[in-house]
Amino acid sequence: MLRIAVQSKGRLFDDTMALLAEADIKLSTSKRTLLTQSTNFPVEVLFLRDDDIPQSVASGVADIGIVGENEFVERAEKAEVIYRLGFSKCRLSLAIPKEEKYEGTNWFNGKKIATSYPGILSSFLEENNIQADIHVITGSVEIAPGIGLADCIFDIVSSGSTLVSNNLKEVETVMQSEALLIGTPGLSDEKKEILQELLFRIKAVKAAEDKKYVLMNAPTDKLKEIIEVLPGVKSPTIMPLATEGWSSVHTVLDEKRFWEIIGKLKALGAQGILVLPIEKMIL
(Lines give C-alpha, C1' and ligand atoms only; values in the text may rest on other atoms or scores of the structure.)
Protein backbone atom coordinates (compact mmCIF):
# COMPACT_ATOMS: atom_id res chain seq x y z
CA MET A 1 0.00 0.00 0.00
CA LEU A 2 1.34 3.42 -1.00
CA ARG A 3 0.37 6.40 1.16
CA ILE A 4 0.05 9.78 -0.53
CA ALA A 5 -0.26 13.07 1.36
CA VAL A 6 -2.67 15.55 -0.21
CA GLN A 7 -3.70 19.08 0.76
CA SER A 8 -6.97 18.92 2.70
CA LYS A 9 -8.68 21.87 1.02
CA GLY A 10 -8.24 24.64 -1.51
CA ARG A 11 -7.40 24.78 -5.20
CA LEU A 12 -4.56 22.27 -4.93
CA PHE A 13 -6.94 19.79 -3.27
CA ASP A 14 -9.45 20.21 -6.09
CA ASP A 15 -6.81 19.82 -8.81
CA THR A 16 -5.25 16.79 -7.10
CA MET A 17 -8.53 14.96 -6.63
CA ALA A 18 -9.46 15.66 -10.24
CA LEU A 19 -6.13 14.18 -11.38
CA LEU A 20 -6.56 11.05 -9.27
CA ALA A 21 -10.08 10.60 -10.62
CA GLU A 22 -8.79 10.90 -14.20
CA ALA A 23 -6.19 8.27 -13.34
CA ASP A 24 -9.07 6.00 -12.21
CA ILE A 25 -8.06 6.08 -8.54
CA LYS A 26 -11.43 5.72 -6.82
CA LEU A 27 -11.67 7.40 -3.42
CA SER A 28 -14.54 7.90 -1.03
CA THR A 29 -15.15 11.64 -0.56
CA SER A 30 -18.66 11.45 0.89
CA LYS A 31 -17.30 12.56 4.25
CA ARG A 32 -13.91 14.08 4.97
CA THR A 33 -11.61 11.86 6.99
CA LEU A 34 -7.91 12.15 7.73
CA LEU A 35 -7.13 8.92 5.86
CA THR A 36 -9.05 7.22 3.07
CA GLN A 37 -8.21 4.16 0.99
CA SER A 38 -8.79 3.66 -2.72
CA THR A 39 -11.29 0.93 -3.59
CA ASN A 40 -9.52 -0.12 -6.80
CA PHE A 41 -5.82 0.73 -6.41
CA PRO A 42 -3.25 0.02 -3.65
CA VAL A 43 -3.04 3.60 -2.43
CA GLU A 44 -4.37 5.49 0.57
CA VAL A 45 -4.68 9.26 0.82
CA LEU A 46 -3.68 11.23 3.89
CA PHE A 47 -5.25 14.71 4.04
CA LEU A 48 -2.99 17.35 5.60
CA ARG A 49 -2.31 21.07 5.70
CA ASP A 50 -0.14 22.07 2.75
CA ASP A 51 2.76 23.16 4.95
CA ASP A 52 2.77 19.78 6.76
CA ILE A 53 3.15 17.70 3.59
CA PRO A 54 6.93 18.15 2.96
CA GLN A 55 7.84 17.06 6.49
CA SER A 56 5.38 14.15 6.43
CA VAL A 57 6.93 12.84 3.23
CA ALA A 58 10.54 13.46 4.33
CA SER A 59 9.95 11.62 7.62
CA GLY A 60 8.17 8.68 5.97
CA VAL A 61 4.74 9.30 7.51
CA ALA A 62 3.60 9.47 3.89
CA ASP A 63 5.42 7.76 1.03
CA ILE A 64 4.68 10.45 -1.53
CA GLY A 65 2.86 13.77 -1.55
CA ILE A 66 1.42 16.39 -3.85
CA VAL A 67 2.41 19.86 -2.70
CA GLY A 68 2.96 23.34 -4.06
CA GLU A 69 6.56 24.06 -5.04
CA ASN A 70 6.43 27.18 -2.87
CA GLU A 71 5.80 25.10 0.27
CA PHE A 72 8.36 22.48 -0.72
CA VAL A 73 11.11 25.06 -1.21
CA GLU A 74 10.16 27.00 1.93
CA ARG A 75 10.23 23.93 4.20
CA ALA A 76 13.53 22.64 2.72
CA GLU A 77 12.81 19.06 3.80
CA LYS A 78 14.83 16.10 2.51
CA ALA A 79 12.29 14.68 0.07
CA GLU A 80 12.75 13.98 -3.64
CA VAL A 81 10.94 15.71 -6.49
CA ILE A 82 9.51 12.83 -8.53
CA TYR A 83 7.39 14.65 -11.10
CA ARG A 84 6.31 18.20 -11.92
CA LEU A 85 2.54 18.10 -12.31
CA GLY A 86 2.02 21.41 -14.10
CA PHE A 87 -1.18 22.52 -12.35
CA SER A 88 -1.99 24.92 -9.50
CA LYS A 89 0.50 27.38 -10.94
CA CYS A 90 1.26 30.62 -9.12
CA ARG A 91 4.25 32.79 -8.28
CA LEU A 92 5.86 34.28 -5.19
CA SER A 93 6.22 38.01 -5.57
CA LEU A 94 6.99 41.21 -3.73
CA ALA A 95 4.21 43.79 -3.77
CA ILE A 96 4.14 47.39 -2.54
CA PRO A 97 1.43 50.05 -2.11
CA LYS A 98 0.32 51.11 -5.58
CA GLU A 99 0.97 54.81 -4.94
CA GLU A 100 4.66 54.13 -4.23
CA LYS A 101 7.23 54.84 -6.95
CA TYR A 102 9.34 51.76 -7.65
CA GLU A 103 12.68 51.91 -9.44
CA GLY A 104 14.35 48.69 -8.30
CA THR A 105 15.08 46.34 -5.44
CA ASN A 106 16.86 49.07 -3.45
CA TRP A 107 13.35 50.25 -2.52
CA PHE A 108 13.17 47.40 0.01
CA ASN A 109 16.24 48.48 2.00
CA GLY A 110 15.15 49.39 5.52
CA LYS A 111 11.55 48.28 4.89
CA LYS A 112 9.43 45.84 6.88
CA ILE A 113 8.15 43.00 4.68
CA ALA A 114 5.21 40.81 5.74
CA THR A 115 5.26 37.21 4.51
CA SER A 116 4.39 33.57 5.19
CA TYR A 117 7.57 32.51 3.37
CA PRO A 118 10.50 33.87 5.40
CA GLY A 119 12.96 31.26 4.12
CA ILE A 120 12.53 32.03 0.42
CA LEU A 121 12.38 35.76 1.13
CA SER A 122 15.58 35.68 3.23
CA SER A 123 17.45 33.97 0.39
CA PHE A 124 16.24 36.58 -2.10
CA LEU A 125 17.20 39.49 0.15
CA GLU A 126 20.66 38.02 0.79
CA GLU A 127 21.29 37.40 -2.93
CA ASN A 128 20.38 41.02 -3.70
CA ASN A 129 22.23 42.58 -0.72
CA ILE A 130 19.02 44.01 0.71
CA GLN A 131 18.73 44.83 4.41
CA ALA A 132 15.07 44.52 5.39
CA ASP A 133 13.01 43.40 8.38
CA ILE A 134 10.94 40.25 7.79
CA HIS A 135 7.62 40.14 9.65
CA VAL A 136 6.16 36.60 9.59
CA ILE A 137 2.36 36.41 9.24
CA THR A 138 0.22 33.30 8.82
CA GLY A 139 -2.63 34.09 6.46
CA SER A 140 -4.07 37.37 5.11
CA VAL A 141 -0.61 38.77 4.39
CA GLU A 142 -2.02 41.26 1.87
CA ILE A 143 -3.72 43.36 4.56
CA ALA A 144 -0.46 44.07 6.44
CA PRO A 145 0.47 47.37 4.70
CA GLY A 146 -3.06 48.70 4.98
CA ILE A 147 -3.17 48.29 8.77
CA GLY A 148 0.39 49.45 9.37
CA LEU A 149 2.00 46.09 10.15
CA ALA A 150 4.44 46.28 7.24
CA ASP A 151 5.57 48.49 4.36
CA CYS A 152 5.07 45.78 1.73
CA ILE A 153 4.44 42.06 1.32
CA PHE A 154 5.95 38.89 -0.14
CA ASP A 155 3.23 36.40 -0.99
CA ILE A 156 1.64 34.03 -3.48
CA VAL A 157 0.13 35.71 -6.56
CA SER A 158 -2.19 33.94 -8.94
CA SER A 159 -4.50 36.32 -10.80
CA GLY A 160 -3.38 39.43 -8.92
CA SER A 161 -6.93 40.42 -8.00
CA THR A 162 -6.24 40.18 -4.25
CA LEU A 163 -3.38 42.66 -4.60
CA VAL A 164 -5.56 45.09 -6.53
CA SER A 165 -8.34 44.91 -3.93
CA ASN A 166 -5.79 45.80 -1.24
CA ASN A 167 -4.25 48.70 -3.19
CA LEU A 168 -1.01 46.85 -3.86
CA LYS A 169 1.05 46.31 -7.01
CA GLU A 170 3.38 43.45 -7.89
CA VAL A 171 6.93 44.67 -8.52
CA GLU A 172 9.28 41.65 -8.27
CA THR A 173 8.63 37.98 -9.05
CA VAL A 174 10.98 35.84 -6.95
CA MET A 175 9.93 32.34 -8.03
CA GLN A 176 7.37 30.43 -10.09
CA SER A 177 5.49 27.58 -8.45
CA GLU A 178 3.44 24.57 -9.51
CA ALA A 179 2.25 21.32 -7.96
CA LEU A 180 4.99 18.73 -7.38
CA LEU A 181 4.83 15.02 -6.72
CA ILE A 182 7.45 14.41 -4.03
CA GLY A 183 8.64 11.19 -2.41
CA THR A 184 10.48 9.93 0.62
CA PRO A 185 13.94 8.48 -0.12
CA GLY A 186 14.39 4.72 0.11
CA LEU A 187 10.95 3.39 -0.80
CA SER A 188 10.63 -0.40 -0.76
CA ASP A 189 10.55 -2.27 -4.07
CA GLU A 190 6.86 -3.00 -3.59
CA LYS A 191 6.02 0.66 -3.09
CA LYS A 192 8.26 1.68 -6.02
CA GLU A 193 6.26 -0.67 -8.24
CA ILE A 194 2.97 0.90 -7.16
CA LEU A 195 4.46 4.37 -7.65
CA GLN A 196 5.55 3.51 -11.20
CA GLU A 197 2.04 2.37 -12.08
CA LEU A 198 0.61 5.57 -10.57
CA LEU A 199 3.12 7.66 -12.53
CA PHE A 200 2.24 5.79 -15.72
CA ARG A 201 -1.42 6.75 -15.26
CA ILE A 202 -0.67 10.35 -14.31
CA LYS A 203 1.60 10.84 -17.32
CA ALA A 204 -1.08 9.40 -19.63
CA VAL A 205 -3.59 11.92 -18.25
CA LYS A 206 -1.14 14.83 -18.49
CA ALA A 207 -0.09 13.91 -22.03
CA ALA A 208 -3.72 14.18 -23.18
CA GLU A 209 -4.23 17.68 -21.75
CA ASP A 210 -4.91 20.37 -24.34
CA LYS A 211 -4.84 17.77 -27.13
CA LYS A 212 -7.51 17.01 -29.73
CA TYR A 213 -7.91 14.01 -32.00
CA VAL A 214 -8.69 15.26 -35.51
CA LEU A 215 -10.07 13.32 -38.47
CA MET A 216 -10.56 14.83 -41.91
CA ASN A 217 -11.11 14.00 -45.56
CA ALA A 218 -8.37 15.43 -47.76
CA PRO A 219 -7.56 15.53 -51.47
CA THR A 220 -4.90 12.88 -52.09
CA ASP A 221 -2.89 15.25 -54.30
CA LYS A 222 -2.62 17.68 -51.35
CA LEU A 223 -1.42 15.16 -48.75
CA LYS A 224 2.21 16.29 -48.82
CA GLU A 225 1.26 19.91 -48.08
CA ILE A 226 -1.24 18.84 -45.41
CA ILE A 227 1.30 16.63 -43.63
CA GLU A 228 3.76 19.55 -43.53
CA VAL A 229 1.32 21.68 -41.48
CA LEU A 230 0.40 18.89 -39.05
CA PRO A 231 2.56 18.93 -35.87
CA GLY A 232 1.14 15.64 -34.65
CA VAL A 233 2.58 13.28 -32.05
CA LYS A 234 4.13 11.30 -34.90
CA SER A 235 3.30 11.07 -38.60
CA PRO A 236 -0.49 11.15 -39.20
CA THR A 237 -2.50 8.08 -40.12
CA ILE A 238 -3.60 8.15 -43.77
CA MET A 239 -6.17 5.80 -45.31
CA PRO A 240 -7.66 5.83 -48.82
CA LEU A 241 -11.39 6.56 -49.13
CA ALA A 242 -13.85 4.81 -51.44
CA THR A 243 -14.07 8.01 -53.47
CA GLU A 244 -11.10 8.16 -55.81
CA GLY A 245 -8.69 11.05 -55.19
CA TRP A 246 -9.59 11.39 -51.48
CA SER A 247 -7.96 10.13 -48.30
CA SER A 248 -8.82 10.11 -44.60
CA VAL A 249 -6.23 11.76 -42.34
CA HIS A 250 -6.09 11.17 -38.55
CA THR A 251 -3.82 13.12 -36.21
CA VAL A 252 -3.45 14.76 -32.79
CA LEU A 253 -3.31 18.55 -32.47
CA ASP A 254 -2.34 20.85 -29.63
CA GLU A 255 -5.33 23.00 -28.71
CA LYS A 256 -3.16 26.13 -28.48
CA ARG A 257 -2.53 26.02 -32.24
CA PHE A 258 -5.78 24.32 -33.19
CA TRP A 259 -7.58 27.13 -35.05
CA GLU A 260 -4.41 28.27 -36.79
CA ILE A 261 -3.80 24.78 -38.17
CA ILE A 262 -7.45 24.10 -39.02
CA GLY A 263 -7.48 27.26 -41.13
CA LYS A 264 -4.47 26.04 -43.11
CA LEU A 265 -6.04 22.59 -43.59
CA LYS A 266 -9.25 24.09 -44.96
CA ALA A 267 -7.24 26.25 -47.36
CA LEU A 268 -5.58 23.06 -48.64
CA GLY A 269 -8.98 21.47 -49.32
CA ALA A 270 -9.59 19.40 -46.18
CA GLN A 271 -13.29 18.67 -45.59
CA GLY A 272 -15.49 16.91 -43.04
CA ILE A 273 -13.12 17.80 -40.20
CA LEU A 274 -14.12 15.97 -37.00
CA VAL A 275 -12.61 16.97 -33.64
CA LEU A 276 -12.71 14.62 -30.63
CA PRO A 277 -11.49 15.07 -27.02
CA ILE A 278 -8.72 12.80 -25.72
CA GLU A 279 -9.01 11.36 -22.21
CA LYS A 280 -5.68 9.52 -21.98
CA MET A 281 -2.64 9.27 -24.24
CA ILE A 282 0.06 6.63 -23.86
CA LEU A 283 3.32 7.83 -25.37
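You'll find the structure just up there.
All of these numbers come straight from a predicted model, not from anything done at the bench.

A. Region of the structure containing the overall build of the protein chain. Scanning the protein chain from terminus to terminus reveals 8 helices and 15 strands. Relative to a compact globule of 283 residues, whose C-alpha radius of gyration would be 19 Å, the protein chain shows 25 Å and is clearly more extended. Once the C-alpha set of the protein chain is aligned to its principal axes, its extents read approximately 80 × 50 × 35 Å. When the 283 residues of the protein chain are sorted by exposure, 42% land in the buried category.

B. Highlighting the sheet that holds strand β1 (residues 2–7). Strand order in the open sheet made by the 6 strands is β2-β3-β1-β4-β11-β5, with mixed pairing throughout. This sheet does not close on itself; its edge strands, each paired only once, are β2 (35–37) and β5 (80–84). Each adjacent strand pair in this sheet contributes to an overall mean axis angle of 30°, direction not counted. Sheet topology places β5 next to strand β11 (residues 179–183); 4 bridges connect them, and they run antiparallel. Bridge pairing in β11 links Arg84 to Leu180.

C. Representation of the side chain of His250 within the structure. With respect to the helices and strands, the residue His250 is situated in strand β14 (residues 246–254). Here His250 falls in the buried class, since its relative accessible area comes to 13%. A polar contact is formed between the side chain of His250 and the side chain of Ser248, at a distance of 3.0 Å.

D. Structural context of the pairing of strand β12 (residues 211–219). Note that β12 and β14 share 9 bridges and pair antiparallel. Considered in β14, the bridge of Val214 is made with Thr251. For β12 and strand β15 (residues 271–277), the ladder comprises 5 bridges, and the chain directions are antiparallel. From the neighbouring strand, Asn217 faces β15, where its bridge partner is Gln271.

E. Spotlight on the packing of aromatic side chains. Inspection of every chain in the model, using the stated rule, returns 4 aromatic pairs. For the ring pair Phe258 and Trp259, a centre distance of 4.9 Å and an interplane angle of 80° mean the geometry is edge-to-face. Taking relative accessible area as the criterion, Phe258 reaches 8% and is therefore assigned buried. A residue is classified by how much of its surface remains accessible, and Trp259, at 68% relative accessible area, is exposed. Here the aromatic cluster, defined as three or more aromatic residues joined through ring pairs, consists of Tyr102, Trp107 and Phe108. Cation over ring: Lys111 sits above Trp107, and NZ or CZ is 4.4 Å from the ring centre.

F. Geometry of the pattern of salt bridges. Counted under the stated rule, the structure contains 18 salt bridges. Note that Glu44 and Arg3 form a salt bridge whose closest N and O atoms lie 2.9 Å from each other. A residue pair is termed long-range when its members are at least 10 positions apart, and Glu44 in strand β3 (residues 43–48) and Arg3 in strand β1 qualify at 41 residues. You can call Glu44 buried: its relative accessible area is 14%. A salt bridge links Asp51 to Arg75, with the shortest nitrogen-to-oxygen separation between them at 3.7 Å. Of the two residues, Asp51 sits in the loop between β3 and α2 (53–58) while Arg75 sits in helix α3 (residues 69–75), which places them 24 residues apart along the sequence. In this structure Asp51 comes out as buried when scored by relative accessible area, which is 17%. It is possible to trace a salt-bridge network through shared partners that takes in Arg49, Asp51, Asp52, Glu71 and Arg75.

G. Structural detail: the nonpolar core. If you look at the biggest cluster of nonpolar residues, it comprises 28 residues, and the most contacted ones within it are Ile4, Ile25, Ile66, Leu85 and Leu181. Looking at this core, the elements with two or more residues in it are β1, α1 (11–22), β3, β4 (64–68), β11 and α6 (189–208). Ranked by residues supplied to this core, first place goes to α6 with 6 residues. Setting aside residues up to four positions removed in sequence, Ile4 forms contacts with Val43, Glu44, Val45, Leu46, Ile64, Gly65, Ile66 and Leu181. The next biggest cluster of nonpolar side chains, apart from the first, holds 16 residues, and it includes Tyr102, Phe108, Tyr117 and Leu125.

Calculation criteria
- Residues numbered from 1 in each chain as written.
- Predicted model: local features only at pLDDT ≥ 70, side-chain atom pairs only at ≥ 80, totals over all residues.
- Heavy atoms only, no water.
- Helix = DSSP H or I, 4+ residues; strand = E, 2+ residues; numbered from the N terminus.
- Rg over C-alpha atoms; globule rule 2.2 N^0.38 Å.
- Buried < 20%, exposed > 50% of the residue type's maximum accessible area, 1.4 Å probe, protein only.
- Pairing = 2+ DSSP bridges.
- Axes fitted to C-alpha atoms, helices over the stretch in contact; angles between N-to-C directions.
- Polar contact = N/O pair within 3.5 Å; in protein donor to acceptor, adjacent residues only side chain to side chain.
- Phe/Tyr/Trp six-rings, centres within 6.5 Å; stacked < 30°, edge-to-face > 60°.
- Lys NZ or Arg CZ within 6 Å of the ring centre and 35° of its normal.
- Salt bridge = Lys/Arg side-chain N within 4 Å of Asp/Glu carboxyl O.
- Core = buried A, V, L, I, M, F, W, Y, C linked by side-chain atoms within 4.5 Å.
- Contact = heavy atoms within 4.5 Å.

In short, shape yes, function no, at least from these values alone.
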